[in-house]
Amino acid sequence: MSLNSQLYMLPEKLEALVKASLDDWKQNDKVRQLWQRDASVWTGTDEAQWLGWLDITEQQLAQLDLFKKVAADVKKAKFKHALLLGMGGSSLCPEVLRLTFGKIKGFPELHVLDSTDPAQIKAIEAKVDLKSAICIVSSKSGSTLEPNIYKQYFFERIAKKVGPKEVGNRFIAITDPGSKMQQVAEADKFRHIFFGVPSIGGRYSALSNFGMIPGAIMGLDIAKLLKNTQEMVKACGANITADKNPGVQLGTILGTAANEGLDKLTIISSPGIHDLGAWLEQLVAESTGKQGKGIIPVDREKLAKPEAYGSDRVFAYLRLETKPDKKQDAAVLALEKDGLPVVRISVKNTYNLGQEFFRWEIATAVAGSIIGINPFNQPDVEASKIETRKLTSEYEKTGKLPPESPFLETEGIKLYADAKNTAALKNSKTLADALKFHLDRINANDYFGVLAYITMNRQNEDALQVIRHMVRDDKKAATVLGFGPRFLHSTGQAYKGGPTSGVFLQITCDDKIDLPVPGQKYTFSVVKAAQARGDFAVLSERGRRALRVHIGKNVKADLLKLTKATKKALAMQTF
C-alpha cells in the first residue's frame, strides 16, 4: 500500500492566498472541527447531519464478510450480467468501477442504466441476458422517479423470462432504511436488501454500500480497495494539520481559486481511469454550485495549448502511474510552464481509486467552507423534479403533454426559448443566425454548456464534442457536455444554482422508438421529454442564457446540420 501523492504549481498571487487560507485552517484548528462534525465550519445549519462519510471506510472494513457473502452468492448463482438501475450518486461510482476494472473472470459483467432515453434502455437490454441477470435497484431516498420506473420495466421483462415466482430473486435493492424502495423490495421478495447510511448524501456515498455492493458483485477485491483507501483517510485525519493534509490542501486550492474567479476546474485523467471525471463532476458541481457561487467542473474536454484557455481555469491531472499517457504528460507540462494553476495527483494503481474518492470528498467539503456555502444540500435539484412531476401528472390525466410553440422552425429543426432569451436572438431567420446571436452572448469567464437529451453513445458524443470544441476554440471559453437526464442528478445543480456564467444549448429530439412504463400511462419517451422541458423551464426562470434546439428522429443527420450551423455561426462577422 502507498499513498497517492499530490503536487501543485500555482501563480504567485494564488499561492499566497492559498498559504494564508491554510494558515487560517491551521491556527483555528479547523481540520479537527471538521472531523468533530462542527457545522460552524460551513454555514452552521444542518451540515453535521451529513458527515457519515468521514468514517464509512472504517465501518465497511468491519463488515468485509458482507461483501464476501454477496460476491460468493452471485458467483455461485452463475449470473452472466449485473444490471445497476440508478441515478447520480447511486450510479456514478459503479460506472467508474465498471469502466476502470472491466469484466472480472467468474463474476457477472456489470452494466449501468441511468437514462430514460428509450433507445439507450433498449441498447442496454440488448447487451444483457435477462434470463441470467441480477438487477441492482439503487436509490438512497427510494422515491427517485427513474430507479422506480426502471424497476417496473425490468421486473416485468424478467418475469416473462423466469416466471413470477422467481423474478424477485433476480433483484437486489440498495436504499436507506425505511424508504419506499425497501417496502417495494420486501413486497416483491427481492434476493437481498442492503442499506445506505442516512447521514451520507448520494454524491458522498461511493465508499458506502452504494459503491461497494456493486463492486463486490462484479468481483472486485473490496478488502484491498478499502484498506488502500484507509491510507488516505489517515492522511486526511483530524490530527494532520491543514498544510500537510492532502484533502484540505486540495480543497483550499479549489475554494480559494473559485473565490478569485478561477472557478472552472478542468479535470484531466489518464485513459485507464478516465471515468473518474464523471464522478468528480457530480461531487464538485452539486456540492459547491449554489447561491450564485461555486466551481464548474470541466470533464472530457480535449487538452489544448495554453493559449486556448481563459484566465478562469484550474487544472487537476489525475495520472495513473501504471499506465500514463505521454501526450497528457506533455500537455500538462506546457500548462505549468505557461504559469497556469495545475494540481498533479499520482494514482499508484487502480485499487487506489478509493483514495481519490475520499481525498476529493474532503477537498469538496473544505472548498465549500471557503466559498461560504453548505456543500451537503442541493436546493435547486428539486426545482426540475417539481416541473417534471407537473408535466407527467398532466400526461396521466390528459394523455398528452401541454402544447409548446417554437419561435423558429427551419430545416426540420425547431428552436425554443423564453421571451427574454428569444428577444436576445434578434428575430433570427436561420439556425445559424440563432446560434450566432446565442454564442455571441458568451463573455470572458463564461462557460458554454451542451445539455443533450439524446441517446448517450459514442456516435452522438463524438458529434457533440465537435460542437463543444469549436465553441471552446473560438470563444476561449470553458465548455461542459452533459447527457440528460443523468446530468440533472449531477451537474444540473450548479447550472441552475451556481454562478450565472453559463450559456446553454439544450438539445432534444423525436424518439425513433418508445417503451412503456408498466402501470403508468406515460412512456419513457414522455418522461424524458418532461424532464427536458422541466429542466429548461427552471434554467429560464433562473435567468440563464438558454436556447433549446429540437431535432427530428434522424439524430445523426440533424446533429450534422447543427454542427454545420455552429461552424457557420462562429464564422459570421459581428456588425
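Above: the structure in question.
Per chain, the residues get numbers from 1 upward, laid out in the order the sequence is written. Note on the predicted model: pLDDT of at least 70 is required for a residue's local features to be given, and 80 or more for side-chain atom pairs to be given and counted; whole-chain, interface and lining totals, by contrast, use all residues. Excluded from the side-chain calculation are hydrogens and water; included are all heavy atoms of the structure.

Novice: Help me understand the overall build of the protein chain in this model?
Specialist: Only runs of H or I of at least four residues qualify as helices and only runs of E of at least two qualify as strands under DSSP, and these elements are numbered from the N terminus. On a plain count of helices and strands, the protein chain comes out with 21 helices and 16 strands. Computed over its C-alpha atoms, the radius of gyration of the protein chain comes to 23 Å, within 12% of the 25 Å expected for a compact globule of 575 residues. Exposure is judged per residue with a 1.4 Å probe applied to protein chains only, and the accessible area is read against the type maximum: over 50% gives exposed, under 20% gives buried, and values in between give partly exposed. Across the 575 residues in the protein chain, those meeting the buried criterion constitute 61%. Here the contacts in the protein chain between residues at least 6 apart in sequence split such that 79% fall between residues at least 24 apart. Accessible surface is estimated by sampling points in the Shrake-Rupley manner with a 1.4 Å probe; for residues, cover comes only from the protein chains shown. As presented, the protein chain carries roughly 22000 Å² of accessible surface, and 52% of it is formed by carbon and sulfur atoms. Treating the 80 positive side-chain charges of the protein chain as one cloud and the 65 negative ones as another, the clouds have centres 5 Å apart. The globule rule is 2.2 Å times the number of residues to the power 0.38, and the radius of gyration it is compared with is taken over C-alpha atoms. Whether two residues are in contact is decided by their heavy atoms, any of which lying within 4.5 Å being enough. His is not counted, nor are the chain ends; Lys and Arg add positive charge and Asp and Glu add negative charge. Working definition for charges: the position is that of NZ of Lys, CZ of Arg, CG of Asp or CD of Glu.

Novice: Which parts of the structure should I look at to understand helix 9 (residues 209–217)?
Specialist: Every α-helix winds through 3.6 residues per turn, so residues three or four apart in the chain are directed the same way. With 9 of 9 residues buried, helix 9 lies mostly within the body of the structure. Where helix 9 is concerned, the buried positions are N209, F210, G211, M212, I213, P214, G215, A216 and I217. One or two positions beyond helix 9, positive phi appears at G219, with a value near 100 degrees.

Novice: Whenever I open this one, the sheet that holds strand 6 (residues 192–195) confuses me. Can you help?
Specialist: Note: two strands are recorded as paired if DSSP finds a minimum of 2 bridges between them. If you trace the 5 strands from one edge of the open sheet to the other, you get 3-2-4-5-6, paired in parallel fashion. The sheet terminates laterally at strand 3 (109–113) and strand 6, the two strands that pair on one side only. Along the sheet, successive strands turn relative to each other by an average axial angle of 20 degrees, direction set aside. Alignment of strand 2 (residues 81–85) against strand 3, held across 5 bridges, turns out to be parallel. Looking across to strand 3, one finds that A82 is bridged to L110. Only the contacting stretch of a helix is used when fitting its axis, a line to C-alpha atoms as for every element, and angles between N-to-C directions run 0 to 180 degrees.

Novice: Is there a simple way to think about unusual backbone geometry in this case?
Specialist: A cis geometry characterises the amide bond from G484 onward to P485, with omega recorded as 5 degrees. In this structure, P485 sits in the loop between strand 14 (478–483) and helix 19 (492–497). Although it is not a glycine, K78 sits at a positive phi angle of roughly 60 degrees. With relative accessibility at 68%, the residue K78 sits in the exposed group.

Novice: Explain the environment of D73 here, please?
Specialist: Secondary-structure assignment places D73 in helix 4 (residues 64–77). Taking the C-alpha atoms as reference points, D73 and G497, 424 residues apart in sequence, are found 44 Å from one another. With residues near it in sequence (within four places) discarded, D73 still touches R191 and H192. Here a polar contact is recorded for every N or O atom pair within 3.5 Å, except that within protein the pair must consist of a potential hydrogen donor and a potential acceptor, and residues adjacent in sequence are included only if both atoms are side-chain atoms. Reaching out from D73, the side chain makes a polar contact with the side chain of H192 at a distance of 2.9 Å.

Novice: In this structure, what is going on with the pairing of strand 10 (residues 342–347)? I would like to understand it.
Specialist: Moving residue by residue along a regular strand, the side chains alternate between the two faces of the sheet. In terms of residue burial, strand 10 counts as a mostly covered element, since 5 of its 6 residues are buried. Sheet topology note: the strand 1 (residues 5–9)/strand 10 ladder contains 5 bridges and is antiparallel. Directly across from M9, in strand 10, lies its bridge partner V342. Across 6 bridges, the pairing between strand 9 (residues 313–320) and strand 10 is parallel. Bridging across to strand 10, R319 finds its partner in S346.

Novice: Looking at this structure, how should I read the side chain of T563?
Specialist: In this structure, T563 sits in helix 21 (residues 555–571). Contact partners of T563, with chain neighbours within four places excluded, come to A463, V466, I467 and M470.

Novice: Looking at this structure, I do not really get the nonpolar core. What am I missing?
Specialist: Generally speaking, nonpolar side chains in soluble globular proteins are found buried as a group. Here the nonpolar core consists of buried residues drawn from Ala, Val, Leu, Ile, Met, Phe, Trp, Tyr and Cys, with membership extended through side-chain atoms lying within 4.5 Å. With 92 residues, the main nonpolar core has W53, W279 and W360 as its most contacted residues. It is helix 14 (residues 353–371) that provides the largest number of residues to this core, a total of 11 residues. Other than its neighbours up to four places away in sequence, W53 contacts I200, Y204, F358, E361, I362, A365 and F376.

Novice: When you look at the side chain of E461 in this model, what are you seeing that I'm missing?
Specialist: For E461, the location among the structural elements is in helix 18 (residues 458–475). Looking at E461, the relative accessible area reads 16%, which means it is buried. Separated by 2.7 Å, the side chains of E461 and R300 make a polar contact. With sequence-adjacent residues up to four places away left out, E461 is seen in contact with R300, L481 and F483.

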